[in-house]
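Now for the letters of each chain:
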Number of protein chains: 2
Amino acid sequence: MRLVVVPVVRDEPGRVLLCRMSSDRGVFPGQWGLPGGGVEPGETLDQALRRETLEELGVELEDARPLLFRDATLDKLLPNGSHQRLYMVFLLYECRLRPGAFALNAELSATAWARLDELAGFDLNPLTRETFRLLGWHS
Amino acid sequence: MRLVVVPVVRDEPGRVLLCRMSSDRGVFPGQWGLPGGGVEPGETLDQALRRETLEELGVELEDARPLLFRDATLDKLLPNGSHQRLYMVFLLYECRLRPGAFALNAELSATAWARLDELAGFDLNPLTRETFRLLGWHS
């Protein structure tokens, strides 16, 4: 099992931060979704969330509150081209970021701030689409 | 880190199932709270939730949906009288049970169905009290 923390970042006007995953790795290569990553041994959830946000987006977390959790068994594409089947537990936090310019790591290829009525226009991965449905943000 | 699944069991009239922990073990010995236990290696969350419900209450789960998650660092009293400090991640599910009589295991000493306006009358452990506050069930 892989325990994964996921920042659901909102800005002041209520837009949500979407990330396009790199095409050569991850569970949904090339699609739009949410950032996040695995909790490492010895970390608290809060530490993992702050580390992942800084590593992936290059920006610090301002605050975070638990939002929802879910699980799924997914195929992960590794950078060497092989696949790994993983049972993942996702812990989602509603977050705000400190001001700063994004500096994406190799896992992400783009970011976008989307209003809730714009979510349908993105090629969202199925798990993110379902998450937004659970939150009532997407039909 | 210990990953713990917690069934928040409701009945048809909306009462919540409280359990009194045994006085000789656990993180809140002798107090009222919620059942649940640790996810074992190789289990899914759903498997762990069904196993723990059956082990602790002797009754099968009918259905369950993710409710909320939280974490805490707590002291656990072991049956041999020693203490263990644990970082725990709690995954709470709103559940219904199949009909049947309770058969409690050694971790629990009593159960009670409580209406939400009766929760204040129980000696709830602080984590359960805070959880009910988060849910808006307890002031």
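For the structure, check the block above.
Residues numbered from 1 in each chain as written. Chains lettered and ligands numbered in written order. Predicted model: local features only at pLDDT ≥ 70, side-chain atom pairs only at ≥ 80, totals over all residues. Heavy atoms only, no water.

Novice: What exactly am I supposed to notice about helix α1 (residues 45-57) of chain B here?
Specialist: Side chains three or four residues apart in an α-helix point the same way, a direct result of the helix having 3.6 residues per turn. All names here are of chain B. Compared with an ideal rise of 1.5 Å per residue, which puts 13 residues at 18 Å, α1 spans 18 Å between its outermost C-alpha atoms and is within 8% of the ideal. When we look at burial in α1, the residues that qualify are L45, A48, L49, R51, E52, T53, E56 and L57. Directly beyond the C-terminal end of α1, a positive phi value near 75° is found at G58. (Helix = DSSP H or I, 4+ residues; strand = E, 2+ residues; numbered from the N terminus. Expected span 1.5 Å × (residues − 1). Buried < 20%, exposed > 50% of the residue type's maximum accessible area, 1.4 Å probe, protein only.)

Novice: How should the sheet that holds strand β1 (residues 2-9) of chain B be read in this particular structure?
Specialist: Through backbone hydrogen bonds, the strands of a sheet pair up, either in parallel or in antiparallel fashion. Residue and element names in this part refer to chain B. On the basis of which strands lie adjacent, the open sheet formed by four strands has the order β4-β1-β6-β5 and mixed pairing. Pairing within the sheet leaves two strands with one partner each, and these edge strands are β4 (37-38) and β5 (61-77). Sheet topology places β5 next to strand β6 (residues 83-97); 15 bridges connect them, and they run antiparallel. Pairing of L68 across the sheet is with L92, part of β6. Packing of helix α2 (residues 126-134) onto the sheet brings it into contact with β5 and β6, and relative to β5 it is tilted by some 135°. (Pairing = 2+ DSSP bridges. Contact = heavy atoms within 4.5 Å. Axes fitted to C-alpha atoms, helices over the stretch in contact; angles between N-to-C directions.)

Novice: What is the right way to look at the sheet that holds strand β3 (residues 32-33) of chain B in this model?
Specialist: Residues and elements named next belong to chain B. Spatial strand order, β3-β2-β7: three strands in an open sheet with antiparallel pairing. Edge positions in the sheet fall to β3 and β7 (108-114), since each has one partner strand and no second. Both strand β2 (residues 16-21) and β3 contribute to a ladder of two bridges, which runs antiparallel. The partner of R20 across the bridge, within β3, is W32.

Novice: Honestly, the pairing of strand β6 (residues 83-97) of chain A in this entry has me stumped. Any pointers?
Specialist: Look at any regular strand and the pattern is simple: side chains alternate between the two faces of the sheet. All names here are of chain A. The buried fraction of β6 amounts to eleven of the 15 residues, a majority that puts the element mostly inside the structure. Direction of pairing for strand β1 (residues 2-9) relative to β6: parallel, over a ladder of eight bridges. By the bridge assignment for β6, R2 is matched with M88. Between the antiparallel neighbours strand β5 (residues 61-77) and β6 lie five residues, among them G81 with a positive phi of about 95°.

Novice: Where do I start with the interface of chain B and chain A in this structure?
Specialist: The figure often quoted for interface size is the accessible area lost as the parts come together. If you look at the interface, chain B gives 16 residues, while chain A gives 16 residues. Carbon and sulfur atoms supply 82% of the area buried between chain B and chain A, which totals about 1,200 Å² over both sides. Applying the counting rule to chain B against chain A returns two residue pairs in polar contact (both at pLDDT 80 or more). Those elements giving two or more residues to the side of chain B that touches chain A turn out to be β5 and β6 of chain B. Its residues placed into classes, the side of chain B that touches chain A shows 13 nonpolar, one polar and two charged. (Buried area = accessible area lost by both parts, 1.4 Å probe. Polar contact = N/O pair within 3.5 Å; in protein donor to acceptor, adjacent residues only side chain to side chain. Nonpolar A, V, L, I, M, F, W, Y, C, P; charged D, E, K, R; others polar.)

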